[in-house]
Amino acid sequence: MYESLESLTDPLIRIRLERMYRELLDHDPIYKQLLLESSECFRQLRIALPEEQQRTSFLYEDAQLSLQAILERSIYLQGFKDALYVFNELQISSPA
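No experiment lies behind these values; they were computed from the predicted model shown.

Topic: the confidence of the model for the protein
- On average, residues of the protein score 89 in pLDDT, and 95% of them are at 70 or above.
- When pLDDT is averaged over each helix and strand of the protein, the minimum, 88, is found for helix H1 (residues 5–27) and the maximum, 95, for helix H2 (residues 29–48).

Here you go:
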């Protein structure tokens, strides 16, 4: 039985995305600054909330991270499929 493209590429996608985030953090000052500002804003919001709503805030953040992970994976896979399509089209159109 053949595994799907998605299951074969999952570990590769995860590793590559983690590396890309590290590279952004190390080499892109705008990304790093926005990440710090975002984290600080969320921390301040959480502190400002009453204790019973802090759990809801945590659950919201967790859901957003899960959605982001799904979206990142889908975008990466679509880019990979698009690259394969372009490669295939170039192979078909190039003279032998």
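That shown, we press on.
A short note on the pattern of salt bridges
- Considering all chains together, one arrives at three salt bridges under this definition.
- Close ionic contact of aspartate 10 with arginine 73 constitutes a salt bridge, the shortest N to O distance being 2.5 Å. Residue aspartate 10 is found in helix H1, and its partner arginine 73 is found in helix H3 (residues 51–93); the two are separated by 63 residues along the sequence.
- The class for aspartate 10 is partly exposed, based on a relative accessible area of 24%.
- Take arginine 73: its relative accessible area is 27%, and that puts it in the partly exposed class.
- In this structure, glutamate 40 engages arginine 43 in a salt bridge whose closest nitrogen and oxygen atoms are separated by 2.7 Å. With glutamate 40 and arginine 43 both in helix H2 and three residues apart, the pair spans about one turn of that helix.

Quick word on the layout of surface pockets
- The volume enclosed by the largest pocket comes to roughly 460 Å³.
- Along the walls of the largest pocket sit 13 residues, with Leu35, Ser38, Glu61, Leu65 and Gln68 positioned nearest its centre.
- Breaking the lining of the largest pocket down by element, the ones donating at least two residues are H2 and H3.
- Among the elements that take part in the lining of the largest pocket, H3 stands out by supplying seven residues, more than any other.
- A per-class count over the lining of the largest pocket returns seven nonpolar, four polar and two charged.
- Lining the second largest pocket, in full, are Asp10, Ile13, Arg14, Leu17, Glu18, Tyr21, Ala69, Glu72 and Arg73.
- For the lining of the second largest pocket, the elements supplying multiple residues, two or more each, are H1 and H3.
- Tallied by class, the residues present in the lining of the second largest pocket amount to four nonpolar, no polar and five charged.

Comments concerning H3
- With 43 residues, H3 ought to run about 63 Å at 1.5 Å a step, and its terminal C-alpha atoms sit 63 Å apart, in line with that.
- Listed in full, the buried residues belonging to H3 are Ser57, Glu72 and Leu77.

Some remarks on the side chain of glutamate 72
- Along the chain, glutamate 72 falls in helix H3.
- This buried residue, glutamate 72, is left without a salt bridge; arginine 73 holds the nearest opposite charge, at 10.0 Å.
- Each residue touching glutamate 72, except ones within four places of it in the same chain, is listed here: Leu17 and Tyr21.

Rules used in this analysis
- Residues numbered from 1 in each chain as written.
- Predicted model: local features only at pLDDT ≥ 70, side-chain atom pairs only at ≥ 80, totals over all residues.
- Heavy atoms only, no water.
- pLDDT = per-residue confidence, 0-100.
- Helix = DSSP H or I, 4+ residues; strand = E, 2+ residues; numbered from the N terminus.
- Salt bridge = Lys/Arg side-chain N within 4 Å of Asp/Glu carboxyl O.
- Buried < 20%, exposed > 50% of the residue type's maximum accessible area, 1.4 Å probe, protein only.
- 1 Å grid on protein atoms, 1.4 Å probe; cavity = no way out; pocket = protein on both sides within 12 Å on 5 of 7 lines; lining within 4 Å.
- Points joined across faces, edges and corners; volume = space filled by probe spheres on them.
- Nonpolar A, V, L, I, M, F, W, Y, C, P; charged D, E, K, R; others polar.
- Expected span 1.5 Å × (residues − 1).
- Lys, Arg positive; Asp, Glu negative; His and termini not counted.
- Contact = heavy atoms within 4.5 Å.

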